[in-house]
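A look at the structure
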Amino acid sequence: MDTLFSDYFLPVTLAIITMGMGLSLTEKDFRNILVQPKAIVTGIFSQIVILPAIAFFVASLTNLDPVFKVGLVIIAACPGGATSNLITYILTGNIALSISMTAVNSLITLITIPFIVSLGLEAFIQQSTEINLPIGDTILKIFFITIVPAFTGTRIRKWKTEFADKLEKPLKIILPLLLLVVYMGVIFIDQGTEQATRKDFLSLIPSTLSLNFAAMLAGWMIARIMNLGKRNRFTIAIEVGLQNSALAIFVSSFLLKNQSMALVAVVYGSFTFFTTLLFGWIIKKIS
């Protein structure tokens, strides 16, 4: 029961959300990404290389406890997730690109998370440890939570186009509410914050907010330098700026056995849905 939301509600919810987003997609949307791969290559490069560099820079500028600095690095090492996909969906961005980046980066981070987190441990607390991610389990989750639901959504749209169109507006309200309820359960019920003081929580907001905004701005600027279209620019900005806080909590709590590092992800996950949505909306309007 300690991880009720994480083990049961979250996977089912993510699958439902991805299928809901798939209702607005066709096979052509995914095919275009393969035919014109510049957007996904730009996005993946920004996530794998630029984002961790920003995290190390932000951490080095703060006066936080070194353990918290490693927590920032762990967030940056994680891929985007259903939250970034959902914000892209709400803002009518390139949903196929967002989902594809999440799926591809989730596979790549099986290799990069141990490497980046180890660098963070050595840089800030002079500690090294071996991190082993559940490869088989991760691949299955990507398949059943991302690929299968998205494909199912595209099939429903192809067979019942009118039905899919009718669902589009209500889903933009229902899906965010559903995700927020479950994520709050993961962050505040499954993980709990009883060991964290209010002072710790508040002290982490400036650095996690800086990471969130700096990453989004960097993603947008790199996409602009690469001459990508407006939809791709803010889609990449969202995907680079908002990482999977639930995975960061897992890495911190269960792999590294450190609740202080996990607290950084708890704080990050408590507000970044709203800040990323706001940033995405602003750059969409001013682009």
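Residues numbered from 1 in each chain as written. Predicted model: local features only at pLDDT ≥ 70, side-chain atom pairs only at ≥ 80, totals over all residues. Heavy atoms only, no water.

Things to note about the overall build of the protein chain
Cut-off, in case you're wondering: Helix and strand definitions here come from DSSP, where helices need a minimum of 4 consecutive H or I residues and strands a minimum of 2 consecutive E residues; each element is numbered from the N-terminal end. Here's how the labels work: a residue is buried when its accessible area is under 20% of the maximum for its type, exposed when over 50%, partly exposed in between, all with a 1.4 Å probe on protein chains only. Working rule for contacts: check all heavy atoms of both residues, and any pair within 4.5 Å makes them a contact. Areas reported as accessible are Shrake-Rupley estimates using a 1.4 Å probe. Residue values count occlusion only from the protein chains shown.
When you go through the protein chain residue by residue, the secondary structure sums to 12 helices and 0 strands. Listed by position from the N terminus, the elements making up the protein chain come as α-α-α-α-α-α-α-α-α-α-α-α. Relative to its 287 residues, the protein chain shows a buried fraction of 53%. Of the contacts made within the protein chain by residues no fewer than 6 positions apart, 86% connect residues no fewer than 24 positions apart. With the model as given, the accessible surface of the protein chain reaches about 13400 Å², and the carbon-plus-sulfur share is 67%.

With respect to the side chain of asparagine 85
This is how the line gets drawn: The term polar contact refers here to a pair of N or O atoms within 3.5 Å; inside protein, the definition further demands a hydrogen-donor-capable atom paired with an acceptor-capable atom, and it admits residues adjacent in sequence only when both atoms are side-chain atoms.
Within the secondary structure layout, asparagine 85 lies in helix H5 (residues 82-90). Looking at asparagine 85, the relative accessible area reads 3%, which means it is buried. A distance of 2.9 Å separates the side chain of asparagine 85 from the side chain of threonine 102, its partner in a polar contact.

Observations regarding a nonpolar patch on the surface
The following threshold applies: Patches draw on residues past 30% relative accessible area with no salt bridge. Two like charges within 9 Å are joined, as are two nonpolar side chains (Val, Leu, Ile, Met, Phe, Trp, Tyr) within 5 Å. In the sections that follow, a salt bridge refers to a side-chain nitrogen of Lys or Arg positioned within 4 Å of a carboxyl oxygen of Asp or Glu.
Together, Leu140, Phe143, Phe144, Ile147 and Val148 make up an exposed nonpolar region whose accessible area comes to about 450 Å². Within the secondary structure, phenylalanine 143 is located in helix H7 (residues 135-159). Phenylalanine 143 sits in the partly exposed class, given a relative accessible area of 40%.

Brief notes about the packing of aromatic side chains
Keep this limit in mind: Under the pairing criterion, centres of Phe, Tyr and Trp rings, with the six-membered ring standing for Trp, must be within 6.5 Å; the plane angle then separates stacked pairs below 30 degrees from edge-to-face pairs above 60, leaving the rest tilted.
Throughout the structure, instances matching the rule amount to 3 aromatic pairs. Ring plane angle 75° and centroid distance 5.8 Å describe the contact between phenylalanine 213 and phenylalanine 279, whose orientation is recorded as edge-to-face. On the criterion of sequence distance, the pair formed by phenylalanine 213 in helix H9 (residues 198-225) and phenylalanine 279 in helix H12 (residues 259-286) is long-range, its members being 66 residues apart. Here phenylalanine 213 falls in the partly exposed class, since its relative accessible area comes to 32%. Its relative accessible area of 12% is what places phenylalanine 279 among the buried residues.

A closer look at the packing of helix H4 (residues 66-77) against helix H6 (residues 95-125)
Note the following rule: As a rule, the C-alpha atoms of each element are fitted with a line to give its axis, helices using only the stretch in contact, and angles between N-to-C directions run from 0 to 180 degrees. Should an angle fall under 35 degrees it is taken as roughly parallel, and over 145 as roughly antiparallel, whereas 65 to 115 is taken as roughly perpendicular and any remaining angle as oblique. Each crossing is labelled by how the near helix is turned from the far one, with a counterclockwise turn of less than a right angle marking it left-handed and a clockwise turn marking it right-handed. Polar here means any residue other than Ala, Val, Leu, Ile, Met, Phe, Trp, Tyr, Cys and Pro, which are nonpolar, and Asp, Glu, Lys and Arg, which are charged; Gly is therefore polar.
It is at 9 Å that the axes of H4 and H6 come closest, and there the two elements cross at 160°. In terms of orientation, H4 lies roughly antiparallel with respect to H6. The element H4 and its partner H6 pack so that their crossing is right-handed. Contacts between H4 and H6 involve Pro66, Val67, Lys69, Val70, Val73, Ile74 and Ala77 on the former and, on the latter, Thr109, Ile113, Ile116, Val117, Gly120, Leu121, Phe124 and Ile125. Grouping the constituent residues of the contact of H4 with H6 by class yields 12 nonpolar, 2 polar and 1 charged.

Details of the pattern of salt bridges
Scanning the entire structure with this criterion turns up 2 salt bridges. For glutamate 162, the salt bridge identified is with lysine 166, shortest N-O distance 3.7 Å. Linking glutamate 162 with lysine 166, this pair stays in helix H8 (residues 161-190), spanning 4 residues, or about one helical turn. The residues glutamate 162 and lysine 166 share a single accessibility class, namely exposed.

Describing H12
Basically, it comes down to this: Expected span of a helix, by definition, is 1.5 Å for each gap between consecutive residues, and there is one gap fewer than residues. What is called the bend at a residue is the angle between a pair of axes, fitted to the seven residues leading up to and ending at it and to the seven starting from it.
With 28 residues, H12 extends 40 Å from end C-alpha to end C-alpha; this agrees with the ideal 40 Å at 1.5 Å per step. A bend of about 45° at threonine 272 is the largest found in H12. The distance from a side-chain oxygen at the start of H12 to the backbone nitrogen of serine 260 is 3.0 Å, and the residue carrying that oxygen is asparagine 258.

Fair warning: the whole summary comes from geometry, so function is off the table for now.
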